[in-house]
Amino acid sequence: MKRALPPAQLRLVAAKALGEDVDEFDYRIASPSGQSIEVVTPEGQWPTALFIEPIGSGTQKIPWAGQIHSNPLLEWIVRSWLIDRLQAALHVRPIQLLLRRISDVQVSAIDAQSVERALSAWIDEIAIADAAENRDEVPMVGVLLYQWALEIQAVPGFSDWTLHRLRALAWTGRRKRYGQLATLRDPVGGPYTRPELARIEAAISSSPAVSNRQRAAFYLCRDWGLRPVQLALMRASDFGEDSFGPFVDVPSVKGQRSKLRRADGNLVRRHISNQAAEAVRMQVAEAESQVSILREKVEGCLNELGIERCPAPLPLFPRRERPDAGLMRFCEDSALYPYTLHATGGMICREIGDIGKALALVQDEELAGLTGDSFVTILAYRLRRTKGTSMVLMGCSREEVAEALDHATPWSVEHYFRYSTETHDLINATAASSQEIVQAANMWEGRFFQDALAETSDRPVGGLGRCTLKAPCPKHPRISCYACHRFRPDRNADHSAALKEIVAYDELMRQQSTGPVRNQLSLEVLGAMSLVQHLCREDGGGNDQGPQ
């Protein structure tokens with residue numbers, strides 16, 4: 001790759017093209033985490049690469065000495081934007097995406113109007129092309145670059161009207177957000193069903209192949225759906241007990257608060273189960289031995305640098321090793337040093353995934369044929385989706401789910417509610433075993449519509465009976481009613497017809513859903529079918545064999 005113009009020379013070219021003076025490049029900048037990053041060497045050159053250390057995540061490398069674009073004015077715009085972004089945002093991915101494709105912008109003239117036309121045409125082109133390929137990241141990054149050139153640098157030729165048009169185009173081309181919804185139906189990445197989770201918990205509690213450290217991480221993810229990066233940021237001192245029981249203080253990483261990491265006021269107290277507390281207590285006792293070798297390396301590094309520092313705080317999940325170059329960066333930088341011993345979210349994610357390999361729980365035969373995987377996968381984000389799904393089933397509001405899962409807004413968890421409206425109340429709603437079917441049938445004793453006069457506020461339900469709910473039902477009428485305690489069936493209603501409708505719904509869900517959701521939904525529909533058959537037999541009429 002061709003080397004870029006030195007910073008001072010690039011600045012002069014930009015000043016001449018814009019017809020005004022521009023600021024010199026800073027030699028060092030600070031990231032939102034406080035890391036000091038050298039962007040220009042003391043000799044006035046670009047360093048070979050920038051090493052970004054997002055606390056709780058792995059090292060990110062950005063090539064820096066090579067030419068970003070052959071047009072020096074566009075090169076200056078891009079570098080200036082990147083430097084500003086590194087100071088304002090933790091996520092490096094948008095920068096990496098832009099650097100991979102910005103060279104495709106076709107412009108040779110070194111003037112602002114030509115650069116603006118070429119950049120806007122490029123965003124137009126990739127927005128249309130990426131929409132066809134179901135991708136959307138690069139067009140939005142291009143819009144951010146255009147917006148920065150207009151609003152921060154006021155580059156001539158860049159206009160509000162064009163920005164508005166490009167933003168609308170990029171948003172229109174964004175793929176439909178079915179990814180999260182599809183994941184909830186995924187037998188490999190979706191939420192666990194109750195039987196699956198029970199099998200996993202039983203195996204984890206008894207298997208010598210699973211370390212206590214893995215158990216602690218698993219139980220914390222199960223109890224609160226924590227992200228791996230949150231586990232990575234936690235320290236041994238975050239575990240405690242108060243009048244309400246054992247707890248952990250968890251760093252919030254949602255929205256703008258993600259920049260705070262472990263700042264004062266950014267820890268949320270979460271009370272945990274006794275099972276989780278015991279595993280965490282044991283992990284706290286073992287953490288120091290897990291990090292002993294790395295502590296020795298840190299001491300040697302500090303001696304080499306001639307720096308005196310207090311011992312780095314003990315993480316709840318420490319890392320055992322750190323490459324020498326990275327260790328040097330952490331020891332040199334006072335903002336990074338307190339996190340020298342912390343594992344990354346990726347490391348913890350892999351440790352949780354290794355639980356599945358250690359247990360080797362055999363997958364359901366039908367799922368194994370569907371996914372090609374013979375064993376149950378254990379993933380941190382499956383536990384997170386399970387927590388979100390279970391909270392919806394319990395009737396929690398969007399605000400409660402968002403707060404528990406550390407989301408920036410209630411609308412960030414909307415996919416849980418869209419998916420649950422018609423199906424979650426059938427999943428785990430009634431029992432699959434015969435004993436529980438009997439219990440479900442017994443629930444209706446003395447509660448038929450003819451057993452008492454209807455209240456004037458009771459609502460009719462599709463000719464099947466009445467509902468005591470005082471507001472419109474958000475569930476699926478004529479299907480979920482048979483699993484609802486508010487429903488008062490009419491003995492004279494055609495429950496056999498309702499049974500046929502339920503079977504048809506089951507077939508529809510078999511076509512639209514896969515994996516554990518489909519299998520368990522089938523069981524719950526069968527439970528509802530058994531209840532309908534029970535009502536038909538008790539009434540002495542209808543087809544007690546169910547639909548043919």
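Residues numbered from 1 in each chain as written. Predicted model: local features only at pLDDT ≥ 70, side-chain atom pairs only at ≥ 80, totals over all residues. Heavy atoms only, no water.

### Let's talk about the overall build of the protein chain
Here comes step 1: Broken down by element type, the protein chain carries 21 helices and 10 strands.
Here comes step 2: By sequence separation, contacts in the protein chain at least 24 residues apart represent 65% of the contacts at least 6 residues apart.
Here comes step 3: For the protein chain, the accessible area works out to roughly 25,800 Å², and carbon and sulfur atoms hold 52% of it. (Helix = DSSP H or I, 4+ residues; strand = E, 2+ residues; numbered from the N terminus. Contact = heavy atoms within 4.5 Å. Areas by Shrake-Rupley, 256 points an atom, 1.4 Å probe, with all protein chains shown as cover.)

### Let's talk about the sheet that holds strand β5 (residues 239-242)
Here comes step 1: Strand order in this open sheet of 3 strands is β5-β6-β7, and the pairing throughout is antiparallel. Sheet topology places β5 and β7 (267-271) at the edges, where each strand pairs with a single neighbour. Neighbour to neighbour, the strand axes of the sheet diverge by 35° on average, direction disregarded.
Here comes step 2: Here β5 runs beside strand β6 (residues 245-251); their pairing, made up of 4 bridges, is antiparallel. The partner of E241 across the bridge, within β6, is P246. (Pairing = 2+ DSSP bridges. Axes fitted to C-alpha atoms, helices over the stretch in contact; angles between N-to-C directions.)

### Looking at empty space enclosed by the protein
Here comes step 1: For the structure shown, the criterion picks out 3 cavities of 30 Å³ or more.
Here comes step 2: For the largest cavity, the calculated volume is near 40 Å³.
Here comes step 3: As for the largest cavity, its lining consists of S31, P32, S33, Q35, I52, E53, P54, L86, A89 and L90.
Here comes step 4: Grouping the constituent residues of the lining of the largest cavity by class yields 6 nonpolar, 3 polar and 1 charged. (1 Å grid on protein atoms, 1.4 Å probe; cavity = no way out; pocket = protein on both sides within 12 Å on 5 of 7 lines; lining within 4 Å. Points joined across faces, edges and corners; volume = space filled by probe spheres on them. Nonpolar A, V, L, I, M, F, W, Y, C, P; charged D, E, K, R; others polar.)

### Section: the sheet that holds strand β8 (residues 459-461)
Here comes step 1: Strand order in the open sheet made by the 3 strands is β8-β9-β10, with antiparallel pairing throughout. Edge positions in the open sheet fall to β8 and β10 (487-489), since each of these has one partner strand only. For this sheet, the mean angle separating the axes of adjacent strands, direction not counted, is 30°.

### Section: the state of the cysteines
Here comes step 1: For the structure shown, the criterion picks out 0 disulfides.
Here comes step 2: With no disulfide of its own, C349 has C221 as its nearest cysteine by sulfur position, at a separation of 8.3 Å.
Here comes step 3: Looking at C349, the relative accessible area reads 29%, which means it is partly exposed. (Disulfide = S-S within 2.5 Å. Buried < 20%, exposed > 50% of the residue type's maximum accessible area, 1.4 Å probe, protein only.)

### What to know about the pattern of salt bridges
Here comes step 1: Evaluation of the coordinates by the stated rule reveals 20 salt bridges.
Here comes step 2: Its salt-bridge partner being D406, residue R227 comes within 2.9 Å of it at the nearest N-O pair. Highlighted residues: R227 in the loop between α9 (212-224) and α10 (228-233) and D406 in the loop between α17 (398-404) and α18 (414-423), separated in sequence by 179 residues. For the pair R227 and D406, one class covers both residues: buried.
Here comes step 3: The salt bridge partner of E414 is R398, with a shortest N-O separation of 2.6 Å. Placement of E414 in helix α18 and of R398 in helix α17 is noted, with a sequence separation of 16 residues between them.
Here comes step 4: Its relative accessible area of 27% is what places R398 among the partly exposed residues.
Here comes step 5: Overlapping salt bridges bring together E201, R222 and D223 as one network. (Salt bridge = Lys/Arg side-chain N within 4 Å of Asp/Glu carboxyl O.)

### Some points on helix α12 (residues 292-305)
Every α-helix winds through 3.6 residues per turn, so residues three or four apart in the chain are directed the same way.
Here comes step 1: A rise of 1.5 Å per residue sets the reference length of α12, with its 14 residues, at 20 Å; its end C-alpha atoms lie 20 Å apart and thus fit the reference within 8%.
Here comes step 2: For α12, the complete set of buried residues consists of L294, R295, V298, C301 and L302. Down the axis, α12 shows its buried residues gathered within 120° of arc, on one side only. Exposed residues pointing more than 90 degrees away from the buried face of α12 are listed as I293, E296, E299, N303 and E304.
Here comes step 3: Where the residues of α12 are buried, they touch α11 (274-290) and α13 (324-332).
Here comes step 4: Downstream of α12 by a residue or two, G306 has a phi angle that is positive, lying close to 70°. (Expected span 1.5 Å × (residues − 1). Arc of directions from axis to C-beta.)

### Let's talk about the confidence of the model for the protein chain
Here comes step 1: On average, residues of the protein chain carry a pLDDT of 81, and 73% of them reach 70 or more.
Here comes step 2: Ranking the elements of the protein chain by mean pLDDT puts helix α19 (residues 434-442) last with 45 and α9 first with 97.
Here comes step 3: This stretch, residues 514-521, has a pLDDT under 50; its non-local contacts, to residues over four places away or in other chains, come to 30 contacts. (pLDDT = per-residue confidence, 0-100.)

### Side note on the nonpolar core
Here comes step 1: Judged by nonpolar contacts, the single largest core of 54 residues is most densely connected at W76, I77, I102, L119, W122 and F158.
Here comes step 2: Contributing elements (two or more residues each) for this core: α1 (7-18), β3 (49-52), α2 (72-88), α3 (93-101), α4 (112-132), α5 (137-151) and α6 (160-172).
Here comes step 3: With residues up to four places along the chain from it excluded, the contact list for I102 reads I68, H69, V78, L119, W122 and L145.
Here comes step 4: Counting residues in each nonpolar core, the second largest holds 47 residues, with A217, L231, V248 and V413 among its members. (Core = buried A, V, L, I, M, F, W, Y, C linked by side-chain atoms within 4.5 Å.)

### What to know about α11
Here comes step 1: For α11, with 17 residues, the first-to-last C-alpha span of 24 Å sits near the 24 Å given by 1.5 Å per residue.
Here comes step 2: At V284, α11 is deflected by roughly 30°, the largest bend along its length.
Here comes step 3: All of the buried residues along α11 are A276, A277, A279, V280, Q283, A287 and Q290.
Here comes step 4: Each element contacted by the buried residues of α11 is listed here: α9, β5, β6 and α12. (Bend = angle between axes of the 7 residues up to and from the residue.)

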